[in-house]
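The primary structure of each chain is shown beneath.
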Amino acid sequence: MAPDQHAQLDGFSLFLPFPSRVAVTLVAGFWGWGANLQFLQQNNIDLPALIHYPARQSLNQRPHHVSSYRLAGLLTIPLLLSLLIFWPVTHGSREWVESVDYIPQVYLFIFIILLILPFNRLSRSGRRRFLSTLRRISIGGLAEPQDGKFGDILLADVLTSYAKVIADFVITFCMFFNSETSSTSKPDRHCGSDYLFPVIVAIPSAIRLRQCLIEYVRVRRNGARHGNTGGQHLANALKYATAFPVIILAAKLRNYNPFLFYGISEVTLTRLLYFFSFINSSYSFYWDITKDWDLTLFTESRNDNEYPFGLRRYRYFTDQQYYTAIAIDFAIRFAWMSRFVPGFLWLSETEVGLFFLMFSEVGRRWMWVFLRSEAEWVRNSRGPVPNDVLLGEFNGKIDAD
């Protein structure tokens, strides 16, 4: 191990090593899903029905959110034990942190085992459904509406927010099995290959892009219904396509070599990166508000007494919650611009800052699920809004009362 690697570890990395940061973010997603189920149920929105998950057959069965919390708890206990062992062993020593990388890394093995192997009966049906959906969407597949298409879309969209976390997950194993480094050293996102990290980051966006194209082909094959010609699905596919220039340019800058990039200067590449980042963030923010949440902030005017500014007629949450969600979504979508704000460069230049940004994106997606599910519930109970991206035919109404 190179002698200067110890100096590269900051205090945050000594307290919460790289594998543990990845683990914390992954486990947070399971707690967040339980909160989605519980809060939506309290607001009379049946998320399991929307994703066509089997309903509980008796009152003796635990509610869906309780099962999710129990699985999250099962994943959390060994994570806490790992940290409670890691902290006393290392005592904040850089040498010890890097030499006992197997302690936090073992948890990621445990995480995989608990999630995949069927020996544990806890939330077995839920884990099977999750894994089967993951297998289907991993190649860009998309279920039919009656088979849970909305669930496929939710999970695929969640993966786009977890893209960097998943890439870091792979990098931890690459570093762990590399004899020249340690998985608790400063993250080496060039491990394995200069392009391993960006390729993994791009996969979730490619999955959603393919799903959009599949939906477009289905609409065209079945003929236009409800005035839907499929153009919205192409527009949605374009949104995910705008992520690729950002990923490619960021990778080129990390591995900058003017002789390999036709002599284009680093400054020019940086400007291009900011330009495409702005396009991607703007397009995604617009789509979140207008298409995913069916809010009217960027659409046609309304009658003064019909509903509050920027919202919509049918709402299950308080007006303040919608406005707060819009503000948070905007702030996190454009968080990359923090490097231009004095005093906020640490967000993009330090490991604690990068962890904060990744965790914030996961939190933004958790918030997004609430409003996306609520909008889908309104569509099914009240009918689609004009120019909506239809997920399927409305053969019946879901009781929203």
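Residues numbered from 1 in each chain as written. Predicted model: local features only at pLDDT ≥ 70, side-chain atom pairs only at ≥ 80, totals over all residues. Heavy atoms only, no water.

A. How the structure looks around the overall build of the protein. Secondary structure assignment for the protein yields 17 helices and 0 strands. For the protein, restricting intrachain contacts to residue pairs at least 6 apart in sequence, the fraction spanning at least 24 positions comes to 70%. Of the accessible surface of the protein, which amounts to about 19900 Å², a share of 62% is contributed by carbon and sulfur atoms. (Helix = DSSP H or I, 4+ residues; strand = E, 2+ residues; numbered from the N terminus. Contact = heavy atoms within 4.5 Å. Areas by Shrake-Rupley, 256 points an atom, 1.4 Å probe, with all protein chains shown as cover.)

B. Main features of the UniProt feature "transmembrane region" (unreviewed entry) in the protein. Here, UniProt's "transmembrane region" (unreviewed entry) annotation points to residues 12–33, 71–90 and 102–119. A helix fraction of 91% and a strand fraction of 0% characterise residues 12–33, whose end C-alpha atoms lie 27 Å from each other. Its end C-alpha atoms 29 Å apart, residues 71–90 is made of 100% helix and 0% strand. (UniProt positions renumbered as here; feature names shortened; annotations may be inferred.)

C. Main features of the packing of aromatic side chains. Per the stated rule, a full pass over the model turns up 25 aromatic pairs. Arranged with centres 5.8 Å apart and planes meeting at 40°, the rings of Phe-355 and Phe-359 form a pair that is tilted. Of the two residues, Phe-355 and Phe-359 both sit in helix H17 (residues 351–382), 4 residues apart, roughly one turn of that helix. The structure contains a cluster of three or more aromatic residues connected by ring pairs, namely Phe-278, Phe-285, Tyr-286, Phe-298, Phe-330 and Phe-334. The aromatic ring of Trp-368 is capped on one face by Arg-365, whose charged end is 4.5 Å from the ring centroid. (Phe/Tyr/Trp six-rings, centres within 6.5 Å; stacked < 30°, edge-to-face > 60°. Lys NZ or Arg CZ within 6 Å of the ring centre and 35° of its normal.)

D. Expanded view of the state of the cysteines. Scanning the model with the defined rule gives 1 disulfide in all. Here Cys-174 pairs with Cys-191 through a disulfide, and the sulfurs are 2.0 Å apart. Its S-S torsion of about -90° marks the bond between Cys-174 and Cys-191 as left-handed, since a negative value means left-handed. Of the two residues, Cys-174 sits in helix H10 (residues 163–176) while Cys-191 sits in the loop between H10 and helix H11 (196–222), which places them 17 residues apart along the sequence. Assessed through its relative accessible area of 3%, Cys-191 is described here as buried. (Disulfide = S-S within 2.5 Å. Buried < 20%, exposed > 50% of the residue type's maximum accessible area, 1.4 Å probe, protein only.)

E. Quick peek at the side chain of Thr-242. If you trace the backbone, Thr-242 turns up in the loop between helix H12 (231–241) and helix H13 (243–254). Taking relative accessible area as the criterion, Thr-242 reaches 11% and is therefore assigned buried. Polar contacts involving the side chain of Thr-242 include one to the side chain of Asn-280, which spans 2.8 Å. Apart from residues no more than four positions distant in its own chain, Thr-242 is found in contact with Ile-279, Asn-280 and Tyr-283. (Polar contact = N/O pair within 3.5 Å; in protein donor to acceptor, adjacent residues only side chain to side chain.)

F. The packing of helix H3 (residues 18–42) against helix H7 (residues 102–116), seen in detail. At a closest axis distance of 8 Å, the pairing of H3 and H7 adopts a crossing angle of 30°. Overall, the two elements H3 and H7 adopt an arrangement that is roughly parallel. By crossing handedness, the relation of H3 to H7 is classed as left-handed. Judged by residue contacts, Pro-19, Ser-20, Ala-23, Leu-26, Val-27 and Phe-30 of H3 engage Pro-104, Gln-105, Tyr-107, Leu-108, Phe-111 and Leu-115 from H7. A breakdown of the residues in the contact of H3 with H7 according to their chemical character gives 10 nonpolar, 2 polar and no charged. (Axes fitted to C-alpha atoms, helices over the stretch in contact; angles between N-to-C directions. Parallel < 35°, antiparallel > 145°, perpendicular 65-115°, else oblique. Left-handed = near helix turned anticlockwise from the far one by under 90°. Nonpolar A, V, L, I, M, F, W, Y, C, P; charged D, E, K, R; others polar.)

G. Highlighting the pattern of salt bridges. For the structure on display, the rule yields 19 salt bridges. We note a salt bridge from Asp-292 to Arg-372, for which the minimum N-O separation is 3.9 Å. Placement of Asp-292 in helix H14 (residues 266–292) and of Arg-372 in helix H17 is noted, with a sequence separation of 80 residues between them. Connected through salt bridges with shared partners, the residues Asp-288, Asp-329, Arg-333, Glu-361 and Arg-364 form a single ionic network. (Salt bridge = Lys/Arg side-chain N within 4 Å of Asp/Glu carboxyl O.)

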